[in-house]
Amino acid sequence: MKALSVKQPWANLIADGRKTIETRTWTTPYRGPLLIVSSKRPNIPPTGSAVAIADLVDCRRMTRRDRNAACCEIYPNAVSWVLENVRKIKPFPVTGALGIFEYPIDQIRLEVVASQQPR
């Protein structure tokens, strides 16, 4: 499964459905399920763990309208990664990596705790 490391507290905000846009300075042609992995720094639990699965549906230049969903202000070269169908999962340890990376997932390990409804 494709995975993306996200710093805390943003990984938790995605898992809770409060952050539906992740921002980067680069884009990707990939669309589909994405395992959201919390980075080890800063030390906000759960660190170094998969926390959610979200569907990446679009990557586009960030606009002012994206600020609330991204939980951040617009910045130079910001790209909005639009996430839908967020499913919070029971955290399990994952070593993150830069960029989108492959993580071999055993479907039985994924325990969905909550699905976020569209707002």
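Here, every reference points to the structure presented above.
Residues numbered from 1 in each chain as written. Predicted model: local features only at pLDDT ≥ 70, side-chain atom pairs only at ≥ 80, totals over all residues. Heavy atoms only, no water.

A. Molecular detail of the overall build of the protein. Across its full length, the protein holds two helices and seven strands. The globule rule puts the C-alpha radius of gyration for 119 residues at 14 Å, and the 13 Å found for the protein is close to it. Structurally, the protein occupies a C-alpha span of about 40 × 30 × 30 Å along its principal axes. Sequence separation of at least 24 residues holds for 70% of the intrachain contacts in the protein that already meet a minimum separation of 6. Per element, the accessible surface of the protein, about 6,900 Å² overall, is 54% carbon and sulfur. Each charge sign in the protein was given a centre, from 18 positive and 10 negative side chains, and these centres are 6 Å apart. (Helix = DSSP H or I, 4+ residues; strand = E, 2+ residues; numbered from the N terminus. Rg over C-alpha atoms; globule rule 2.2 N^0.38 Å. Contact = heavy atoms within 4.5 Å. Areas by Shrake-Rupley, 256 points an atom, 1.4 Å probe, with all protein chains shown as cover. Lys, Arg positive; Asp, Glu negative; His and termini not counted. Charge placed at Lys NZ, Arg CZ, Asp CG, Glu CD.)

B. Structural context of the side chain of D66. Considering the arrangement of structural elements, one finds D66 in the loop between β4 (49-61) and α2 (67-70). Once residues within four sequence positions are removed from consideration, D66 is found in contact with I21, R60, R61 and S80.

C. Just the nonpolar core, in detail. In terms of nonpolar packing, the biggest core is built from 17 residues, with L34, I36, L56 and W81 touching the most fellow members. Of all the elements in the fold, those that place two or more residues in this core are β1 (2-6), α1 (10-15), β3 (32-38), β4 and β5 (79-93). Among the elements that make up this core, the one with the highest residue count is β4 (five residues). Core analysis: the second largest hydrophobic core is formed by eleven residues, L35, V37, V94 and F101 among them. (Core = buried A, V, L, I, M, F, W, Y, C linked by side-chain atoms within 4.5 Å. Buried < 20%, exposed > 50% of the residue type's maximum accessible area, 1.4 Å probe, protein only.)

D. How the structure looks around the pattern of salt bridges. Tallied over the full model, the rule gives nine salt bridges. As a salt-bridge pair, R18 and D16 come within 3.2 Å of each other at their nearest N and O atoms. Taking relative accessible area as the criterion, D16 reaches 24% and is therefore assigned partly exposed. Among the salt bridges present, the one from D66 reaches R60, with a minimum N-O distance of 2.7 Å. Among the residues examined, D66 registers a relative accessible area of 5% and is labelled buried. The partly exposed category is assigned to R60, whose relative accessible area is 32%. Taken together, the shared-partner salt bridges connect D16, R18 and K88 into one network. (Salt bridge = Lys/Arg side-chain N within 4 Å of Asp/Glu carboxyl O.)

E. Local environment of unusual backbone geometry. Going from Q8 to P9, the amide bond is cis rather than trans, its omega being 5 degrees. Counting through the fold element by element, P9 comes out in the loop between β1 and α1. Even without a glycine there, the phi angle at N85 is positive, about 50 degrees. As for its position among the elements, N85 is in strand β5. Residue classification places N85 among the partly exposed positions, given a relative accessible area of 41%.

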